[in-house]
Amino acid sequence: MNKILIIDPGKGWGQFVSKMYCYQKLANHQNSKIVFLTKKSTQAEHYLKPCSFCEDVIYLDESKRGIKNILTNIKSLIKNIQKINKFNFKICYVFHPSLRYLFIANFSNIKNVWGLGFKFQNFFLKKHKKFYLSFFSKTKGDNEALEFIKKITLSDKIEYKPLFSMNHSLRDTVGIIIAASGSAKRWSIENYLEVMQFLKEKNFKKFLIISGLDQSKDEDLIKEKFKDDIEIIYTSDKKINEVIPYLEKCKFCIGNDTGFSHLSVNLDIETLVIYGDCPPQFYSDLIKHIEIDPLVAQSSISIHTIRTEKVLKELSKFLDRRGGRAVEGAHLESV
């Protein structure tokens, strides 16, 4: 089977993961497998390598800012080109507006290069191989990859498709995603304690706490609150490849707008996502949005205006749709 190269460093691994259904469509349209060139921070190898449409994942040798790093960055550019040329690609798609990534593709042995064509990229791409038609085109934001692939594949609509899914009858855990890339996306741990207490009263007995390296103290608060009442799996000391098998067993998740929330959706898991500093994403019906009130402006502190009562109300409606209380020894199924 042919191989195509996608260069997408990602603006965060959640945003990167959320585009995978689009890339699956591109692979099927080209009857090819994809090799991804991306930043290591996307952690792509852990969830993409098992996928049938992914041939391999290459991590970028990243550049450094500043005039003093010019020589270092030239060496970095050469390393990336060498990584690409090992595969003998016929076609490449650049899903990032930076000239650097377009130059990496153009300086390699790939003759057929497509790109977004945003701003200065526009001058280096042929008209039929770019999404933005002129230097002055306004950005489509998070939708640009979707709209570009619609153009490439001549599709009116691209249906969402998860990366893979475990049999729902094998799912016995609730995922609580307290991890986040920064304080602007992190709902307080005290609120999550109330959410867990609510779920415990609904007779949910097994929880997966998905946390970051700096959240061991938050895990300690959970341990103190619940002690031996319920079974809890903690992840602050685990790598992503160690977390994924536990995440696959979640019947649903609730948590912050972070990479793991979007990975959860891509594992075919209904996920309630709490949004504070940015608008919600709508790429899949598996995402259930919990947003700030309409009169509250998006900011670095707006997530803290979301009261626990509002989240519990949304969670109650979600559980009612799924069938109400959890019954010990039984499994809730998606309707």
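Rules and cut-offs
- Residues numbered from 1 in each chain as written.
- Predicted model: local features only at pLDDT ≥ 70, side-chain atom pairs only at ≥ 80, totals over all residues.
- Heavy atoms only, no water.
- Salt bridge = Lys/Arg side-chain N within 4 Å of Asp/Glu carboxyl O.
- Helix = DSSP H or I, 4+ residues; strand = E, 2+ residues; numbered from the N terminus.
- Buried < 20%, exposed > 50% of the residue type's maximum accessible area, 1.4 Å probe, protein only.
- Axes fitted to C-alpha atoms, helices over the stretch in contact; angles between N-to-C directions.
- Left-handed = near helix turned anticlockwise from the far one by under 90°.
- Contact = heavy atoms within 4.5 Å.
- Nonpolar A, V, L, I, M, F, W, Y, C, P; charged D, E, K, R; others polar.
- Patch = residues over 30% accessible without salt bridge, like charges linked within 9 Å, V, L, I, M, F, W, Y side chains within 5 Å.
- Areas by Shrake-Rupley, 256 points an atom, 1.4 Å probe, with all protein chains shown as cover.
- Phe/Tyr/Trp six-rings, centres within 6.5 Å; stacked < 30°, edge-to-face > 60°.
- Lys NZ or Arg CZ within 6 Å of the ring centre and 35° of its normal.
- Core = buried A, V, L, I, M, F, W, Y, C linked by side-chain atoms within 4.5 Å.

(A) Spatial organisation of the pattern of salt bridges. All chains considered together, the criterion is met by 17 salt bridges. A salt bridge links Glu 270 to Lys 288, with the nearest nitrogen and oxygen atoms 3.5 Å apart. Taken together, the positions of Glu 270 in strand β10 (residues 270–274) and Lys 288 in strand β11 (residues 287–290) put the pair 18 residues apart, joining distant regions of the chain. Take Glu 270: its relative accessible area is 7%, and that puts it in the buried class. A relative accessible area of 23% places Lys 288 in the partly exposed class. The network of salt bridges with common partners includes Glu 270, Lys 288, Arg 321 and Arg 322.

(B) Representation of the packing of helix α7 (residues 189–201) against helix α11 (residues 308–322). The contact between α7 and α11 brings their axes to 10 Å, and the two run at 30°. The crossing of α7 and α11 is right-handed. On α11, the residues touching Asn 191, Glu 194, Val 195, Phe 198 and Leu 199 of α7 are Thr 308, Val 311, Leu 312, Leu 315, Ser 316 and Leu 319. For the contact of α7 with α11, the per-class residue count stands at seven nonpolar, three polar and one charged.

(C) Highlighting a nonpolar patch on the surface. Where nonpolar side chains cluster on the molecular surface, the patch consists of Ile 67, Ile 70, Ile 74 and Ile 78 and spans about 410 Å² of accessible area. The topology assignment puts Ile 67 in the loop between β3 (54–59) and α4 (70–85).

(D) Quick look at the packing of aromatic side chains. Under the definition given, this model contains 25 aromatic pairs. Aromatic side chains Tyr 93 and Phe 95 sit 6.5 Å apart centroid to centroid with 35° between the ring planes, which places their arrangement in the tilted category. Chaining the aromatic ring pairs together yields one cluster made of Phe 16, Tyr 23, Phe 36, Phe 53, Tyr 93, Phe 95, Trp 114, Phe 118, Phe 131, Tyr 132 and Phe 148. The ring centre of Tyr 234 lies 4.8 Å from the NZ or CZ of Lys 223, which sits over that ring.

(E) Fine view of the nonpolar core. Core analysis: the biggest nonpolar cluster contains 57 residues, and Phe 36, Tyr 47, Leu 48, Phe 95 and Leu 247 have the highest contact counts within it. Tallying contributions element by element places helix α2 (residues 20–30) first for this core, with six residues. Not counting residues within four places of it along the chain, the set of residues in contact with Leu 48 comprises Phe 16, Met 20, Phe 36, Phe 53, Cys 54, Val 57 and Leu 163. Counting residues in hydrophobic clusters, the runner-up holds 32 residues, among them Phe 204, Phe 207, Tyr 234 and Leu 315.

So yeah, pure geometry; function would need other evidence.
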